[in-house]
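# Examination of the molecular architecture
Spelled out from the first residue to the last, the chains are:
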Amino acid sequence: MTPLEYDLLIVGSGPAGATVARYAAEAGLSVLLVDKKQELGAPIQCSGAVSRHALEEVNLPLDEEYILEPIYGFAIYNQVGEATKIDYRKLKEDEYGPEPGKKPLGYVVDRRRFDRYCMTQAERAGVDTWLKTEAKGYAPLPDGRCVVQLKRYNEEIAVTCKVLVGADGLMSQVGKWAGLQTHIKITELAGCLQFIVDNVETEGLLEIITGHEWAPGGYAWVFPKGHGYAEIGLGVIPTMTKQSAQWHLDKFIKQSFFKDRFANSRILEVQGGGVPLAAPLRTQYADNMILVGDAARHVNPITGGGIHTALNGGKIAARFLIDHLAKGGNSFTAADMKGYQDAWLEALGDKMWKLYRKKTAVFHHEDIPTRDAYLYETMSDYFDPNSEYKKI
Ligand SMILES: Cc1cc2nc3c(=O)[nH]c(=O)nc-3n(C[C@H](O)[C@H](O)[C@H](O)COP(=O)(O)OP(=O)(O)OC[C@H]3O[C@@H](n4cnc5c(N)ncnc54)[C@H](O)[C@@H]3O)c2cc1C
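Thresholds, definitions, all that
- Residues numbered from 1 in each chain as written.
- Predicted model: local features only at pLDDT ≥ 70, side-chain atom pairs only at ≥ 80, totals over all residues.
- Helix = DSSP H or I, 4+ residues; strand = E, 2+ residues; numbered from the N terminus.
- Expected span 1.5 Å × (residues − 1).
- Bend = angle between axes of the 7 residues up to and from the residue.
- Buried ≥ 20, exposed ≤ 12 C-beta atoms within 10 Å, placed from the backbone.
- Contact = placed C-beta atoms within 7 Å.
- Pairing = 2+ DSSP bridges.
- Axes fitted to C-alpha atoms, helices over the stretch in contact; angles between N-to-C directions.
- Domains from an automatic or database assignment.
- Nonpolar A, V, L, I, M, F, W, Y, C, P; charged D, E, K, R; others polar.

### As for helix α9 (residues 334–364)
Along its 31 residues, α9 runs just 35 Å from first to last C-alpha, ending more than 12% under the 45 Å computed at 1.5 Å per residue. Along α9, the helix axis deviates most sharply at L345, where the bend reaches about 60°. Of all the positions in α9, only M337, Y340, Q341, W344, L348, G349, M352, L355, Y356, K359 and V362 are classed as buried. Structurally, α9 contributes buried residues whose contacts are with β17 (285–286), β18 (289–291), α8 (307–326) and α10 (368–382).

Spelled out as structure tokens, the structure:
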């Protein structure tokens, strides 16, 4: 094989792409991972909350290199500040806690260091990685493979591969090149903004604040960030408010039941981005191509969390591709790639669809107090220890 021929070419080195790459390389596939960024994970557009289970499920070592703070549970607030607290240090005190022999439920990770860590693990497994390399298009070839056009620094390069993996995030182009229906409705795209602050006390819980008054169409959050810092943020649906996310965050900080708690906070950093609170794409594959992570809308439509689903989806994608190639598969048509989506639907997708229908039902209520009550109840149920969704 020449250097410009690979089994897989993966576009995007976020958690989804790096996970596909690592698993595939560990199984002996040749993999090129490209990302247009020059610094992975930057600028940070994520709060970094992820369960321990999600990391263990994809064999990622729990490493202080990227972990900022352990998490032991949740506090879900309604509009006036009444809370449902789910603290595993109290629910299962023998199992969860900071003491030796006990464990946390999850972590807040530093996304810049986390993305670099995931990529390093992939590189150590044998993946070739090219930063500052933008994928510009692809086309199937008559011999069953495909050619991908890349721009690496200022050089145009064509690379041949068997399968192109689109792990290129929310604004994914790879699916569009294949003619897939990837459009996201403005009513399902949350505009998120968060401040990294100091002088805000936290207690090892992810705090989620519901209520139209604070975050129309979404919710506000306070997450511990470690080193005495916290993240205060929110996501809003632009069609449900005339104001910007910044206006709502300012109001939440200055007027909510937390205003005294936030009174002496200082803003150290401002981060933002879009989160799709949408259904998974109906078709996540095409000739020589599959989509994974945000690119396939593998995002939890209730919480907006996408790290776990990106990691898990990445593993499912890699397993499918490894299996297909191990069986001597040398055809990579859409019909061949469909098995990936079937595997994903079975493992995760059906639950994601159910969550999407739940979220749609909540926001269908015209009456705001009814909607607020339903969202609070849905969030509290979602994080309940007996929730059927606790592994998503
Ligand atoms: C404000 C905010 C807070 C969030 N907080 C959380 C949270 O606390 N917990 C959680 O689980 N999720 C959270 N999310 C969601 C989470 O960040 C995403 O779901 C997750 O990053 C998706 O991973 P991914 O690998 O699919 O895509 P990404 O992480 O977006 O990676 C895509 C990569 O593709 C690259 N790329 C794109 N196009 C090209 C191209 N043409 N050529 C080369 N490279 C390309 C990009 O540079 C990028 O590095 C949050 C999102 C936002 C906006």
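Structure shown, so let's carry the discussion forward.
### Topic: the sheet that holds strand β15 (residues 229–236)
Across the sheet, 7 strands lie side by side as β6-β5-β13-β14-β15-β12-β16; this open sheet has mixed pairing. The open sheet is flanked by β6 (83–87) and β16 (266–276), the only strands paired with a single partner. Here the average twist between neighbouring strands, direction ignored, is 15°. One ladder, built from 5 bridges, connects strand β5 (residues 73–77) with strand β13 (residues 205–209); its direction is parallel. Bridged to G73 within β13 is L205. Of the strands in this sheet, β12 (189–198), β14 (220–226) and β15 are in contact with helix α6 (residues 245–255), which crosses β15 at around 130°.

### Structural notes on the domain arrangement of the protein
Entries for the protein in the domain assignment read domain 1 (5–47 + 111–184 + 278–360) and domain 2 (67–108 + 186–277). Here the C-alpha centroids of domain 1 and domain 2 sit 29 Å apart. The interface of domain 1 with domain 2 comprises 13 residues on the first partner and 16 residues on the second. Looking at side-chain class alone, the side of domain 1 that touches domain 2 contains 7 nonpolar, 3 polar and 3 charged residues.

### Some words on the sheet that holds strand β7 (residues 106–109)
What the 3 strands build is an open sheet, ordered β3-β7-β4; its pairing is antiparallel. Each of the sheet's edge strands pairs with one partner strand only, and the pair in question is β3 (49–51) and β4 (67–71). Strand after strand, the sheet turns through a mean of 30° between neighbouring axes, direction not considered.

### Digging into unusual backbone geometry
In the segment running from A42 into P43, the intervening peptide bond is cis, with an omega of -5°. Here P43 lies in the loop between β2 (31–34) and β3. One non-glycine residue, K132, lies in positive phi territory at about 50°. Topologically, K132 is positioned in the loop between β8 (128–130) and β9 (133–140).

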